[in-house]
Amino acid sequence: MTETTYQTLLLSVNGSVAEVTINRPDKLNALSAQVLNDLRHLVADLREREDIRAVIITGAGEKAFVAGADIGELAALNDWETGTEFARSGQAVFSLIETSPKPFIAAVNGFALGGGCELALACHIRICSENAKFGQPEVNLGIIPGYGGTQRLTRVMGRTYATDLILTGRMINATEAHAHEIVSRVVPLTDLMKTAREIASTIAAKAPLAVRASIEAIFMGSEETIEEGLDREATLFGRLTTSADFHEGTTAFLEKRAANFQGQ
Ligand code: COA
């Protein structure tokens with residue numbers, strides 16, 4: 001079912017899974033201010049919607065997921081304050097994705113460069129097609145990644161490799177991206193959306209509060225000391241044992257039937 005279309009995004013909803021397509025294929029889905037603004041509103045809306053349990057993000061066409069921030073707009077920057085604000089506004093949108101209680105799945109269907117790589121990195125799960133290419137080429141333009149790349153790429157693949165990529169600006173292919181844990185799966189382009197939908201609908205059938213707590217434990221907990229992270233895990237675990245869905249999940253198992261989770 002197709003829903004509201006934003007100027008630069010397509011949204012379709014199937015059951016409890018939303019699919020967001022960045023839709024500027026003639027510009028390889030580059031992130032203009034309009035795309036970021038549309039994304040900000042859509043992500044905020046999807047976070048709140050009770051009928052949505054998982055979100056897939058992909059790019060229109062077969063060539064690019066997102067080829068970065070819009071270089072035409074970038075080129076107009078020339079003062080410290082506006083430049084800083086440019087980075088902060090993109091960071092805010094991507095943080096909205098990363099802190100979402102519902103999983104965002106990046107289905108990377110081609111170039112994921114600069115802001116495109118950073119958008120994928122802000123998602124909770126990343127898969128890609130065999131033709132995908134990842135990179136942070138900002139150094140070629142005289143800047144650095146500004147939408148979280150220096151931080152998230154480093155956390156995802158480690159400092160050694162992230163420094164290589166960010167300082168050389170080189171692109172890596174899907175195999176290398178998989179080897180360095182930028183993506184968890186690589187599939188043929190023709191299977192990409194099918195695989196993303198399978199992942200999304202599998203998660204959407206689980207207890208929403210448990211999914212939400214898993215995201216919090218992993219993403220917040222991994223920024224803390226091991227003691228703080230374990231404490232967070234135990235508290236979340238304890239809270240879940242009081243949920244109706246925990247009762248439903250355990251009862252369904254013992255009664256040998258499928259669980260019907262309500263998110264309570
Ligand atoms: N911003 C604005 N426009 C972009 C863009 C970007 N980040 N990336 C691609 N485009 C535009 C191109 O200008 C071109 O537009 P045109 O047809 O009006 O000239 C169109 O998208 C197609 O791109 P093109 O460069 O012709 O495709 P290609 O197959 O030859 O090269 C890339 C593909 C991805 C290697 C190349 O487009 C590229 O290097 N893009 C910039 C990547 C980048 O530096 N991103 C980080 C920005 S911070």
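Residues numbered from 1 in each chain as written. Predicted model: local features only at pLDDT ≥ 70, side-chain atom pairs only at ≥ 80, totals over all residues. Heavy atoms only, no water.

Participant: Explanation requested: the site of the ligand in the structure shown.
Facilitator: Close to the ligand lie 16 residues, the nearest being Lys27, Lys63, Ala67, Ala69 and Ile71. Between an oxygen atom of the ligand and a side-chain N or O atom of Lys27, the distance comes to 2.5 Å. Between the ligand and the protein, one listed contact pairs a nitrogen atom with a backbone N or O atom of Ile71 at 2.9 Å. Coverage of the ligand by the protein amounts to 60% of the 870 Å² it exposes when considered alone. The set of elements that each furnish at least two residues to the shell around the ligand consists of α2 (71-74) and β6 (111-113). (Near = heavy atom within 4 Å. Polar contact = N/O pair within 3.5 Å; in protein donor to acceptor, adjacent residues only side chain to side chain. Areas by Shrake-Rupley, 256 points an atom, 1.4 Å probe, with all protein chains shown as cover. Helix = DSSP H or I, 4+ residues; strand = E, 2+ residues; numbered from the N terminus.)

Participant: What's the story with a nonpolar patch on the surface in this structure? I'm lost.
Facilitator: Nonpolar side chains collect at one region of the surface, where Ile71, Leu141 and Ile143 lie side by side and expose about 250 Å² of accessible area between them. Residue classification places Leu141 among the partly exposed residues on the basis of a relative accessible area of 46%. (Patch = residues over 30% accessible without salt bridge, like charges linked within 9 Å, V, L, I, M, F, W, Y side chains within 5 Å. Salt bridge = Lys/Arg side-chain N within 4 Å of Asp/Glu carboxyl O. Buried < 20%, exposed > 50% of the residue type's maximum accessible area, 1.4 Å probe, protein only.)

Participant: Teacher, can you tell me more about the sheet that holds strand β2 (residues 17-22) here?
Facilitator: The strands making up a sheet associate through hydrogen bonds between their backbones, and the pairing can be parallel or antiparallel. The strand order across the open sheet built from six strands is β1-β2-β3-β5-β7-β10, with neighbouring strands paired in mixed fashion. With one partner strand each, in any of the chains shown, β1 (9-14) and β10 (185-187) form the two edges of the open sheet. Going across the sheet, the axis of each strand differs from the next one's by a mean of 20°, ignoring polarity. Pairing of strand β3 (residues 54-59) with strand β5 (residues 104-108), which is carried by three bridges, proceeds in the parallel orientation. Bridge pairing in β5 links Val55 to Phe104. Where helix α1 (residues 33-48) meets the sheet, it contacts β1, β2, β3 and β5, and its direction lies at approximately 20° from that of β1. (Pairing = 2+ DSSP bridges. Axes fitted to C-alpha atoms, helices over the stretch in contact; angles between N-to-C directions. Contact = heavy atoms within 4.5 Å.)

Participant: Is there a simple way to think about the sheet that holds β6 in this case?
Facilitator: Strands sit in the order β4-β6-β8-β9 across an open sheet of four strands; the sheet is mixed. Strands with a single pairing partner mark the edges of an open sheet, and in this sheet they are β4 (64-66) and β9 (171-173). Looking at each pair of strands side by side, their axes are set apart by 20° on average, direction ignored. Where β4 and β6 come together, two bridges link them in parallel fashion. Considered in β6, the bridge of Val66 is made with Ala112. Against the sheet, helix α4 (residues 115-122) makes contact with β4, β6 and β8 (133-135), and its axis sits at roughly 75° relative to β4, the strand it touches most.

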